[in-house]
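Per-entry structural report
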Amino acid sequence: MLESGQRHIKRGITGAMYLGCFKTFVFAMHDALDVLQDKFSAQSIADAKTVLNLYAQSFEVVWLANCENTTLRQQDQKKNETVRMLTLQKCRFENIFNTTSDGVLVMDAACRIMTANKSLRQYIGDNADGKYIWEVLDLEGTSPEDFFRYYPVGQTVEIMPFNDRAVFRLSVVSLGGVSMASHTEYLVLLTNITPYVLQRETLEAAIEQHTQDLRMKKQQVEEMNITLHNVLSNIHADKEKQQEVLVEKIRAFLRPSLVQLAQEPAFSVRESSAKLILEQVDGILDSKGFSSDFGNRKMRHLTLTELKVCNFIRTGKTTKEIAQALKISVETVQTHRKNIRKKLGVSGHKNQLFTHLIDTDEQE
């Protein structure tokens, strides 16, 4: 029965289940003995039940002891397996702890270092356990309050702890979120970010240089815009000046001449005036100023009537003919001739004025 029960346990039956089945079997034997009362005496059946109960009780004692030993063995096996798994986990953690390239240390609530991995010990040495973290890493603060104020839990800070160009990112994590047994311990992670910092500095320098180039180009463009604005302003001013000159010429000569031409009844005078006006209009359209009389600097100082007199002198008209054409007295014509010679700087005989006017036309 004991061997049979052990085989059933290996198949998945529990010790209590097998014992229950055995007691059911004993009760069935009692029922079978009661059925045999007609064939055997009551004493024989009673003795048989007594023997059955003795064997049943003996087996129950043996079975319970076997089950207890089996349970203990199973518990020992589970315990051993648990210890083995914990050892594997511990070895795995230690391998990760010591092979990671990041520096890792564990400190208590007083900021005293409890342990550190190999990556960090190459900087801080093997005698850092028990020392304060600010002493080992040359950090700010002289108390836990100062340390956690400068380096709050859950935040990252860039530091240069070993007096060289190496830059590390420091972060503090409370182990209380991992294990209730470690609620007063902290894990400090140091990640070497020197390559990234150097790359960042290179990029910042490149951006700064690019920014300076853009500023220089912007300044050049602004200077070009100022120059262009000045050129356009000068062009606009010249245009306005030319327009003013043109308007002044029209106001000073063309309009009065056209008014006088419209009021002149004599055909010969109108013809002469129209010819003079046409010459001046041609000069304006050619963008050369007034032709003939207006083309000469000294001629520009003559009045409209003096210009008309000059035009008649060029055609060979006498003083009397000019007076008749302009409907003025001979003395007035002589006065105009005198003023013309004075303004043009012509002295001597009156024929000198005719010659001067002819030469002026040929030069123009």
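Everything here concerns the structure above.
This text gives an overview of the structure that appears in the document. (Residues numbered from 1 in each chain as written. Predicted model: local features only at pLDDT ≥ 70, side-chain atom pairs only at ≥ 80, totals over all residues. Heavy atoms only, no water.)

1. Examining the overall build of the protein chain
Condition: Helix and strand labels come from DSSP, where a helix needs a run of H or I of at least four residues and a strand needs a run of E of at least two; each type is numbered from the N terminus. Relative accessibility under 20% of the residue-type maximum defines a buried residue, over 50% an exposed one, and the middle range a partly exposed one, all with a 1.4 Å probe and only protein chains included. A 1.4 Å probe and the Shrake-Rupley method give the accessible areas. Residues count as covered only by the protein chains that appear here.
Helices and strands together make up the secondary structure of the protein chain, namely twelve helices and five strands. Here the protein chain holds 364 residues, and the buried ones make up 29% of them. As displayed, the protein chain has an accessible area near 24500 Å², and 56% of this comes from carbon and sulfur atoms.

2. Focus on helix α10 (residues 319-326)
Quick reminder of the rule: Note that the arc is defined by the directions from the helix axis to the C-beta atoms.
Every buried residue of α10 is accounted for by Thr319, Ile322, Ala323, Ala325 and Leu326. Seen end-on, α10 carries its buried residues on one side only, within an arc spanning 165°. For α10, exposure combined with an orientation more than 90 degrees from the buried face picks out Lys320 and Gln324. Taken from the residues just after α10, Lys327 is the one with a positive phi, measuring 60°.

3. A few points about the packing of aromatic side chains
Convention followed: Within 6.5 Å between ring centres, the rings of Phe, Tyr and Trp (the latter by its six-membered ring) count as paired, and their orientation is classed by plane angle as stacked under 30 degrees, edge-to-face over 60, tilted in between. The criterion for a charge sitting over a ring is simple: Lys NZ or Arg CZ within 6 Å of the ring centre, and within 35 degrees of the ring normal.
Counted under the stated rule, the structure contains eleven aromatic pairs. Between the aromatic rings of Tyr123 and Phe168, the centroid separation amounts to 5.5 Å while the plane-to-plane angle is 85°, which identifies the pairing as edge-to-face. Taken together, the residues span a long stretch of sequence, with Tyr123 in helix α4 (residues 118-124) and Phe168 in strand β4 (residues 168-174) at a distance of 45 residues. An angle of 65° between the planes, with centres 6.4 Å apart, marks the rings of Tyr150 and Tyr151 as edge-to-face. A relative accessible area of 6% places Tyr151 in the buried class. Aromatic rings pair up to connect Phe147, Phe148, Tyr150, Tyr151 and Tyr186 into one cluster. Directly above the aromatic system of Tyr150 lies the positively charged group of Arg149, at a separation of 5.3 Å from the ring centroid.

4. Quick notes on the sheet that holds β4
As a reminder of what qualifies: Strand pairing is assigned whenever DSSP identifies at least 2 bridges connecting the two strands. Inter-axis angles, ranging from 0 to 180 degrees, are taken between N-to-C directions of lines fitted to C-alpha atoms, where helices are fitted over the stretch in contact.
One open sheet holds the five strands; their spatial order is β2-β1-β5-β4-β3, and the pairing between them is antiparallel. Each edge of the sheet is formed by a strand with only one pairing partner; in this case those strands are β2 (113-116) and β3 (156-159). Sheet twist, expressed as the mean angle between neighbouring strand axes with direction ignored, is 25°. Two strands pair when backbone bridges link them, and strand β1 (residues 103-108) and β2 are joined in this way by three bridges, in the antiparallel orientation. When the sheet's bridge partners are listed, Val106 is paired in β2 with Thr115.

5. Description of the environment of Ile124
As for its placement among the helices and strands, Ile124 is situated in helix α4. Overall, Ile124 belongs to the buried group, its relative accessible area being 16%. The spacing of Ile124 and Leu137 is 13 residues in sequence and 7.6 Å in space, taken between C-alpha atoms.

6. As for unusual backbone geometry
Of note, the phi angle at Cys111 is positive, near 70°, even though the residue is not glycine. Position of Cys111 among the secondary structure elements: in the loop between β1 and β2. A positive phi angle, near 60°, is found at Lys327, a position not held by glycine. Judged by relative accessible area, Lys327 falls into the exposed class, the value being 55%.

7. A short note on the nonpolar core
As a reminder, the rule being used: We call a set of buried residues a nonpolar core when its members are Ala, Val, Leu, Ile, Met, Phe, Trp, Tyr or Cys and they connect through side-chain atoms within 4.5 Å of each other. Whether two residues are in contact is decided by their heavy atoms: any pair within 4.5 Å suffices.
Of all hydrophobic cores here, the largest spans 24 residues; its most connected members are Met107, Ile133, Leu137, Leu139, Phe147 and Leu170. Mapped onto this core, the elements with two or more residues apiece are β1, β2, α4, α5 (133-137), β4 and β5 (185-192). Considering each element in turn, this core owes the most residues, four residues, to α5. Apart from residues lying up to four places away in sequence, Leu137 is in contact with Ile124, Pro161, Phe162, Leu170 and Leu190. The next biggest cluster of nonpolar side chains, apart from the first, holds 16 residues, and it includes Val309, Cys310, Ile313 and Ala323.

8. Observations regarding the packing of α10 against helix α11 (residues 330-344)
Between two packed helices, what matters for the description is the angle formed by their axes and the separation of those axes. Heads up, the rule is: Note on terminology: angles under 35 degrees are roughly parallel, angles over 145 are roughly antiparallel, angles of 65 to 115 are roughly perpendicular, and the others are oblique. Each residue gets one of three labels, nonpolar for Ala, Val, Leu, Ile, Met, Phe, Trp, Tyr, Cys and Pro, charged for Asp, Glu, Lys and Arg, and polar for the others, Gly among them.
Packing of α10 against α11 leaves a shortest axis separation of 8 Å and a crossing angle of 110°. Relative to α11, the element α10 is oriented roughly perpendicular. Only Val330, Val333, Gln334 and Arg337 of α11 make contact with α10, whose side of the interface consists of Thr319, Lys320, Ile322 and Ala323. Partitioning the contact of α10 with α11 into residue classes produces four nonpolar, two polar and two charged.

9. Some points on the environment of Phe59
Mapped onto the fold, Phe59 is located in helix α3 (residues 42-99). The spatial distance from the C-alpha of Phe59 to the C-alpha of Phe22 is 9.3 Å, given a sequence separation of 37 residues. If sequence neighbours within four positions are ignored, Phe59 has contacts with Met1, Leu2, Tyr18 and Phe22.

10. Comments concerning the environment of Leu187
Along the polypeptide, Leu187 turns up in strand β5. Setting aside its immediate chain neighbours within four residues, Leu187 contacts Val104, Leu105, Ser171, Val172, Val173 and Leu175.

11. Observations concerning the packing of helix α9 (residues 304-314) against α11
Running from N to C, α9 and α11 cross one another at 95°; their axes reach a closest spacing of 10 Å. The angle between the axes of α9 and α11 places the two elements in the roughly perpendicular class. On α11, the residues that touch Thr305, Glu306, Val309, Cys310 and Ile313 of α9 are His336, Arg337, Asn339, Ile340 and Lys343. Its residues assigned to classes, the contact of α9 with α11 shows four nonpolar, three polar and three charged.

Keep in mind these numbers describe shape, not what the thing actually does.
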